[in-house]
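# A closer look at the structure
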Amino acid sequence: MKPPVFDYIAATSTDMAVAALAAAGGEAKIIAGGQSLMPMLSFRLLRPSLLVDINRIPGLAYIEEADTCLRIGALTRHFQIETSPVIARHLPVLSAAMTHVAHLAIRNRGTIGGSLSHGDPAAELPMIAVLLDATLHIESVSGQRAVRAQDFFLDALTVDLDSAEVLAEIILPKLPPNTGWGFEEIARRHGDFAIAAVAATLTVSDGSIRQARIALTGVGPTPVRAAAAETLLIGHALENKLVESVARAVRAAIAPEDDLHASADYRRHLAGVLTDRALHAAWRRAQGEP
Amino acid sequence: MNAYIGTSTSRIDGRAKVTGAAKYAGEFNIDGLVYGAVVESTIAKGRIKHIDASEALRVRGVLDVLTHQNRPRMADASAAYKDDVAPEEGSPFRPLYDDKIMFSFQPIALVLAEEWETARFAASLVRVEYETAAFTTDLQAQRNSAFVVEKPESHRGNADKAFAAAAVRHEAEYFIPIEHHNAMEPFAATAIWDGGGKLTIYNKTQGVQNVQRYLCSVFNMKPDDLRVRSPFTGGAFGSGLRPQYETVLAVLGAVKLRRPVRLALTRRQVYTVGYRPATIEHVAIGAKPDGTLDAIVHEAIAVTSQHEDFSRNDTAWSGQLYKSPTARYEHRLARVDLPTPCDMRAPGAATGVYALECAMDELAVALKLDPVDLRLRCYSDRDQHTNRPYTSKQLRECYRQGAQAFGWSKRRAAPRSMRDGTELVGWGMASGVWEALQMETAARITLTANGHAEVASAVSDIGTGTYTIMAQVAADLLGLPLDNVTIKLGDSTLPLGQVEGGSWTAASVSHAIAKTAGEIRKELLRLAQAVPDSPLANATVDGVALVDGRIVHKRAPDRAVSIADAMRQGKVDRIEREGTVQFEDDDSHARNTHSAIFAEVKIDEELGVIRVTRVVNAVAAGRILNTKTASSQIMGGVVWGIGMALHEETLLDHRFGRFMNPNIAEYHMPVNADVYDIKVIFVDEPDTRINPMGIKGVGEIGIVGTAAAIANAIYHATGKRVRDLPITLDKLR
């Protein structure tokens, strides 16, 4: 079907975009890559009165390296992140995750700001934002605010973003030295949303884990950090017994649901298996193995 | 002469298909074409209290909205809607007939507009008020109220008693969910007025004459005034055997507006056209320790609609295939509030033989016998339930050649005993069986003096290669190059052709062509003998053949007359003959095709990911007319078997009585990445009894047994027996 009738503004600055959003009184939607929005319009799941196109705003698509972090403009396309040497050097877990985001044609258009703002419960980028303790910069006519990724995802397709706000920038802290990563995903078909996926980082020195991060997607309404499981790893070397208890803690930390694609029980099982594999990969990489 | 028969001939319609020259039902354009869009019921059962189309009618470009209240006249009698393939019992669904709702997504209104987009938009504005009624769509909930539809043709002894007394017993229940055909081309009909009140309907169908008779009956039209054409079909797999509702709606629109109308269904709408019914299969086999069988019991319960009794032969394969002194089989139906199910590739065998062949595998495990060995120990050269010999049966050779090509002798018997790195490896096998049917069919051949022949029959080519094999047979029997033969099919005005189904078309139409070519040869011989000093003066029609454009004496090939000379001398420009072939009922022999399937799976046990890495399918199906198209048929069947085993399942939400994944994003099917190595072997199977050319047909045998071979391989890999299909990742937990 064709989308319902809507007005359209091509914003040329962020100020212009947020002004248009504010004036629309909650009836407007931002269009960036349009990879989720356009199908939803065509199915008429959404009927906004106004689309505010941010594609022509200069300077909203960038990957910048600072001392301790990387700054990514909200309009940065998935393929730019996937192929960025800067990201490959500092946040290789993000580069790896990007290859699981839908298909190339979609990655050519889809944006990081769009994916995070959409908040699909089985998408990869929200999980990575939570894994890497991202900070999200949000703008509106009333000013700017920053929110931690942990606090941003409220429920399925529901994020801490008012209808008059736009996500402008994502700040990702660099990983400490001696950090290895792992990323494991299962989908019925490559490119589909995950049935379950796990991303992990381990920072290791003197043979023991100093910092551990485990995040999951597809196993609940929002991406999950498995904090209790992470704590179990601190101060230890990775060995199978430990991984088993970590996997148990991960399974306990999630509340997956049955749906068309998989049962809750299978998702919980997968969460453990994928955690095991992701941790082993992270451990190996932290030792300098490829 | 066999210059083409039996060879690997490429499709003669291949170029037309890849260049887009081949037109499908929804692609015939004409000025003034009106587009239709269907409004579907949002409830599963009840009646329409009120339809308000006023808002839809206000949309610019909308011409009309047809409902049961304002549609043109259709037949009242239920019998008028019975097509050739309709179940014997029950009343066919009558689209837009009255206010009754019988299933979710039922068509209840047709919006007609100048543009397709307009029609679809306006369809969303039609407001409907319903009176809802209680409904059920759950087979498991209805199984106890299922009724017997086919009495067993023959009880052999007391199978229940023999099973109870057997030394080794296996008994289990298997399940196959609702599956959909998902042909690439959705159903479509374009109805075009030809002038003089004559209507041509381009329709996606497996039987143009079936649709033509049906529409004439429903709309009380004269046969001469209604023509149905279906030159190309983008797959149908049984879903196009019966006339479907899009063709009725297109004609309703054309009659109401007196304009040409096209209706193309959406993918979701195609899901209400027909499906493989969900089936519970209960199999019990009793055996002696040496692997000879004492008893086979096979009971099936399948869903059908409330209004028709659709049933298939799910269970009799178990009584037929293996040597057993006793057998009992029974088919039951459970009514649910869904559309009537329909045939889908190897209907009955794909499901019933799945259960039988998994049960045989489980019995082999219980007996500690190799699965192939068990099947050889109860091998039968006679159809067990009628105690007749087969016209031919090379299944033993299928086992031998299939096992050899697969490397079966290297199999370790114990489950979980074979590995490849971290993956478990499993090898499984199964037998396949299907019928070798043939139906009355006619063909017309027109031979012109320039050495060109046109061959015409109202059969269909549903993507199987019918165009090509017809040309091969005609070229060989007329002694012409393949390029000099033109095929016409898929047109109701052509000589008698049955619906393309049951794997019967190749045998049937080939013999219609052979018979008609014989008539052509007879006429050519008559002309050749009229030539002065004819070298064929004393020849008989059976004593000559048509070879390389000449009429040749079979035993003295130097005695010949060129076809062109014979026709020129006789002052004949063209010879046209039409012949009908009938196949005598011959109860003295059973007619079947057989196969042996060997499958390898590799499994990541932690995740449950299953890959079918190798399949060998050895098929015995009489004479193979075209090794290339026949291999493709078997390969397609194997791919579908992989889907049946691992992926395919139409999900219902019983609270809504509705299909929940009616699209090819959420209905999983194998894609290239899921398909590894498939080897097809055709075992030699000379058969002079079934029909003169020894043809059996290969459209369906490829899927039969494939899902069982894969399920058995998964058991061998993991030691875990999953009996309800599909074997999704989570079921290996």
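On a predicted model such as this, the values are computed, not experimentally measured, just so you know.

### Thoughts on the environment of Ala436(B)
Residues and elements named next belong to chain B.
- By secondary structure assignment, the location of Ala436 is in the loop between strand S19 (423–435) and strand S20 (441–448).
- Residue Ala436 is classed as buried on the basis of its relative accessible area, which comes to 3%.
- For the pair Ala436 and Arg276, spaced 160 residues apart in sequence, the C-alpha to C-alpha distance is 21 Å.
- The contacts of Ala436, once residues within four sequence positions are left out, are Arg591, Asn592, Thr593, Ile690 and Lys696.

### As for helix H16 (residues 627–646) of chain B
Residue and element names in this part refer to chain B.
- Between its first and last C-alpha, H16 extends 28 Å over 20 residues, near the 28 Å set by a 1.5 Å rise per residue.
- Among the 20 residues that make up H16, 14 are buried, leaving the element largely enclosed by the rest of the structure.
- Residue Asn626 occupies the N-cap position of H16, its side-chain oxygen lying 2.9 Å from the main-chain nitrogen of Lys628.

### Concerning the domain arrangement of chain B
Residue and element names in this part refer to chain B.
- Each assigned domain of chain B is listed with its residue range as follows: domain 1 (18–134 + 184–236 + 240–270), domain 2 (279–437 + 587–732) and domain 3 (439–581).
- Centre-to-centre, using C-alpha coordinates, domain 1 lies 39 Å away from domain 3.
- Tallying the contact residues gives 19 residues for domain 1 and 19 residues for domain 3.
- Buried surface at the junction of domain 1 and domain 3, both sides included, amounts to about 1,300 Å², of which 49% is carbon and sulfur.
- The largest share of the area that domain 1 buries against domain 3 comes from Gln206, Gln209 and Arg227, three residues that together contribute 40% of it.
- Our enumeration of links across domain 1 and domain 3 arrives at 2 salt bridges.

### Side note on the domain arrangement of chain A
- Considered domain by domain, chain A is made up of domain 1 (7–53), domain 2 (63–173) and domain 3 (179–286).
- For domain 1 of chain A versus domain 3 of chain A, the separation of C-alpha centres amounts to 36 Å.

### Remarks on a nonpolar patch on the surface
- On the surface, Leu260(A), Phe656(B) and Met660(B) cluster together to form a nonpolar patch covering roughly 240 Å² of accessible area.
- Within the fold, Met660(B) resides in the loop between strand S30 (658–659) and strand S31 (677–682).

### Re empty space enclosed by the protein
All names here are of chain B.
- Taken as a whole, this structure holds 5 cavities of 30 Å³ or more when the rule is applied.
- Computed from the structure, the largest cavity encloses a volume of approximately 260 Å³.
- Lining the largest cavity are 19 residues, and of these Phe93, Arg242, Pro243, Gln244 and Val273 lie nearest its centre.
- Class assignment for the residues of the lining of the largest cavity results in 12 nonpolar, 4 polar and 3 charged.
- Both domain 1 (18–134 + 184–236 + 240–270) and domain 2 (279–437 + 587–732) contribute no fewer than three residues apiece to the lining of the largest cavity.
- In this structure, the second largest cavity encloses a volume near 90 Å³.
- Broken down by class, the residue content of the lining of the second largest cavity amounts to 6 nonpolar, 5 polar and 3 charged.

The rules behind these values
Residues numbered from 1 in each chain as written. Chains lettered and ligands numbered in written order. Predicted model: local features only at pLDDT ≥ 70, side-chain atom pairs only at ≥ 80, totals over all residues. Heavy atoms only, no water. Helix = DSSP H or I, 4+ residues; strand = E, 2+ residues; numbered from the N terminus. Buried < 20%, exposed > 50% of the residue type's maximum accessible area, 1.4 Å probe, protein only. Contact = heavy atoms within 4.5 Å. Expected span 1.5 Å × (residues − 1). Polar contact = N/O pair within 3.5 Å; in protein donor to acceptor, adjacent residues only side chain to side chain. Domains from an automatic or database assignment. Buried area = accessible area lost by both parts, 1.4 Å probe. Salt bridge = Lys/Arg side-chain N within 4 Å of Asp/Glu carboxyl O. Patch = residues over 30% accessible without salt bridge, like charges linked within 9 Å, V, L, I, M, F, W, Y side chains within 5 Å. Areas by Shrake-Rupley, 256 points an atom, 1.4 Å probe, with all protein chains shown as cover. 1 Å grid on protein atoms, 1.4 Å probe; cavity = no way out; pocket = protein on both sides within 12 Å on 5 of 7 lines; lining within 4 Å. Points joined across faces, edges and corners; volume = space filled by probe spheres on them. Nonpolar A, V, L, I, M, F, W, Y, C, P; charged D, E, K, R; others polar.

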